[in-house]
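Reading the structure
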There are 2 protein chains.
Amino acid sequence: MPDQQRFVKMVLDAWHAQVNGTTALLDKLTDAQLKQEVATGRNRGTYLVGHLTAEHDLLFPLLRFGAPLFPELKPVFVDAADGPAVDAYDVAQLRARWTQVHTALNTHVMALAANDWFMRHNNIAETDFAREPHRNRLNVLITRTIHLAHHRGQLMLLSSK
Amino acid sequence: MPDQQRFVKMVLDAWHAQVNGTTALLDKLTDAQLKQEVATGRNRGTYLVGHLTAEHDLLFPLLRFGAPLFPELKPVFVDAADGPAVDAYDVAQLRARWTQVHTALNTHVMALAANDWFMRHNNIAETDFAREPHRNRLNVLITRTIHLAHHRGQLMLLSSK
């Protein structure tokens, strides 16, 4: 297996494991559990589902796959902390958006050639990328996988609430 | 920058960011906070610090760097759930072991040549590795970084307790 293909497999395996594990966790959690705070005074499950969905939806422009599906999520779930604006979304809507974003994203992720993963992401200029070639699309997926694990660890705490 | 070196940098940057971020969090949390459960009925901070320290100590044999520094941690913090055995360790001891393991580990991590990261880890036989070359040392570091982020997300919840 060529080097680049092997690297891409390592990162994509980790990404899919986290996404699928989180999907399974969300399927297991009830709506009532997702409405709870993960700890007293901290984010609610609903906010975290919206936050992860919005962040992953922003991968479309960042990885140059296209426009986000639900740009209206960013002001509520990325730019702002958990608050009353989150209550405009019911849990079923958030679950549906989670699924739609990951289904659409997966199509792009699976179709991208190994070599293209090592091209720059959208938040770095060509000139900077020449000096910093590690700031590529695959690196974005590494950091998003870690970010997802961080919040999945918190969402798991809802299963005993 | 050659492909392997670039990819190693991506993964090592992510590992160091998680380890350093967790160290900063532990420095900020008081002993009293670390003795709390991250959520009602779930792991205490002390267990999670011991768990992460023990798992990272096991990277010595897994990455073929040598023997673990504190093999006695595994039965308490890896093989068993949080319980009375954890109370044999005071918080200062756990903090010290966290530091010792990561200082020693860092020396090995920084010294390993890019090419050597793509050699097999210790839990896979040579014959299987020939068919599955993604099961290498660097892949272990990817999965441990994700595991660390998972528990760091939980430890963060202690900061408001």
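Described in the following lines is the structure provided in the data block. (Residues numbered from 1 in each chain as written. Chains lettered and ligands numbered in written order. Predicted model: local features only at pLDDT ≥ 70, side-chain atom pairs only at ≥ 80, totals over all residues. Heavy atoms only, no water.)

Considering unusual backbone geometry
- With a phi angle near 60°, Arg64(A) is a residue other than glycine that sits in the positive phi range.
- Mapping Arg64(A) onto the fold places it in the loop between helix H4 (59-62) and helix H5 (73-77). (Helix = DSSP H or I, 4+ residues; strand = E, 2+ residues; numbered from the N terminus.)

Describing the side chain of His56(B)
Residue and element names in this part refer to chain B.
- As for its placement among the helices and strands, His56 is situated in helix H3 (residues 45-57).
- Judged by its relative accessible area of 0%, His56 is buried.
- Only 2.8 Å separates the side chain of His56 from the side chain of His102, close enough to count as a polar contact.
- In this structure, His56 is in contact with Trp15, Val101, His102, Leu105, Arg144 and Leu148, ignoring residues within four places of it in sequence. (Buried < 20%, exposed > 50% of the residue type's maximum accessible area, 1.4 Å probe, protein only. Polar contact = N/O pair within 3.5 Å; in protein donor to acceptor, adjacent residues only side chain to side chain. Contact = heavy atoms within 4.5 Å.)

Brief notes about the interface of chain B and chain A
- Each partner contributes residues to the interface: chain B has 34 residues there, and chain A has 34 residues.
- Roughly 2900 Å² is buried in total at the junction of chain B and chain A, and carbon and sulfur atoms are behind 69% of that figure.
- Applying the counting rule to chain B against chain A returns zero salt bridges.
- Across the contact surface, chain B and chain A share nine residue pairs in polar contact (both at pLDDT 80 or more).
- Those elements that provide at least two residues to the side of chain B that touches chain A are helix H1 (3-28) and helix H8 (137-155) of chain B.
- For the side of chain B that touches chain A, a count of residues per class yields 15 nonpolar, 12 polar and seven charged. (Buried area = accessible area lost by both parts, 1.4 Å probe. Salt bridge = Lys/Arg side-chain N within 4 Å of Asp/Glu carboxyl O. Nonpolar A, V, L, I, M, F, W, Y, C, P; charged D, E, K, R; others polar.)

As for the pattern of salt bridges
Residues and elements named next belong to chain A.
- Evaluated as defined, the whole model comprises 20 salt bridges over all chains.
- Note that Arg144 is salt-bridged to Glu55, the shortest N-O span being 3.2 Å. On the criterion of sequence distance, the pair formed by Arg144 in helix H9 (residues 137-155) and Glu55 in helix H3 (residues 45-57) is long-range, its members being 89 residues apart.
- Exposure remark for Glu55: the relative accessible area of 16% places this residue in the buried category.
- For Lys74, the salt bridge is made with Asp79, and the minimal N-O distance between the two is 3.2 Å.
- Here the salt bridges share partners, and the residues they tie into one network are Arg44, Asp82 and Asp87.

A short note on the relation of the copies chain B and chain A
- For the match of chain B to chain A, the screw axis carries a shift of 0.0 Å, the RMSD comes to 0.0 Å, and the turn is 180°. What the superposition gives is, in effect, a two-fold axis relating one chain to the other. Taking the C-alpha atom as reference, chain B places His150(B) closest to the rotation axis, 2.1 Å from it.
- The share of interface residues of chain B whose copies in chain A are also at the interface is 100%, consistent with both copies meeting through the same surface. (Least-squares fit on C-alpha atoms with pLDDT ≥ 70 in both.)

A short note on H8(B)
- The end-to-end C-alpha distance of H8(B), which contains 19 residues, comes to 27 Å, matching closely the 27 Å that a straight helix rising 1.5 Å per residue would cover.
- The buried count for H8(B) comes to 18 of 19 residues, which makes it a mostly enclosed element. (Expected span 1.5 Å × (residues − 1).)

Looking at the packing of aromatic side chains
- For the structure shown, the criterion picks out 10 aromatic pairs over all chains.
- Judged by centre distance (5.9 Å) and plane angle (35°), the ring pair of Tyr47(A) and Phe77(A) falls under tilted. Linking Tyr47(A) in helix H3 with Phe77(A) in helix H5, this pair joins segments that are 30 residues apart in sequence. Exposure class is identical for Tyr47(A) and Phe77(A). Each is buried.
- One aromatic cluster in this structure is built from Phe7(A), Phe118(A), Phe7(B) and Phe118(B).
- Cation over ring: Arg97(A) sits above Phe70(A), and NZ or CZ is 5.0 Å from the ring centre. (Phe/Tyr/Trp six-rings, centres within 6.5 Å; stacked < 30°, edge-to-face > 60°. Lys NZ or Arg CZ within 6 Å of the ring centre and 35° of its normal.)

Regarding the environment of Val19(B)
Residue and element names in this part refer to chain B.
- Structurally, Val19 is set in helix H1.
- Sequence-wise, Val19 and His102 are 83 residues apart; in three dimensions their C-alpha atoms are separated by 8.1 Å.
- Not counting residues within four places of it along the chain, the set of residues in contact with Val19 comprises Trp98, His102 and Leu148.

Digging into the nonpolar core
- Counting 98 residues, the largest nonpolar core has Phe77(A), Trp117(A), Leu138(A), Phe7(B), Phe77(B), Trp117(B) and Leu138(B) as its most contacted members.
- Beyond its immediate sequence surroundings of up to four residues, Phe7(B) is in contact with Phe7(A), Met10(A), Val11(A), Phe118(A), Leu138(A), Phe118(B), Leu138(B) and Ile142(B). (Core = buried A, V, L, I, M, F, W, Y, C linked by side-chain atoms within 4.5 Å.)

So, the packing of H1(B) against H8(B)
All names here are of chain B.
- Where H1 contacts H8, the axes come no closer than 10 Å and their chain directions differ by 25°. Taken together, the axes of H1 and H8 are roughly parallel relative to one another. Here H1 and H8 pass one another in a crossing that is left-handed.
- Looking at side-chain class alone, the contact of H1 with H8 contains 16 nonpolar, four polar and two charged residues. (Axes fitted to C-alpha atoms, helices over the stretch in contact; angles between N-to-C directions. Parallel < 35°, antiparallel > 145°, perpendicular 65-115°, else oblique. Left-handed = near helix turned anticlockwise from the far one by under 90°.)

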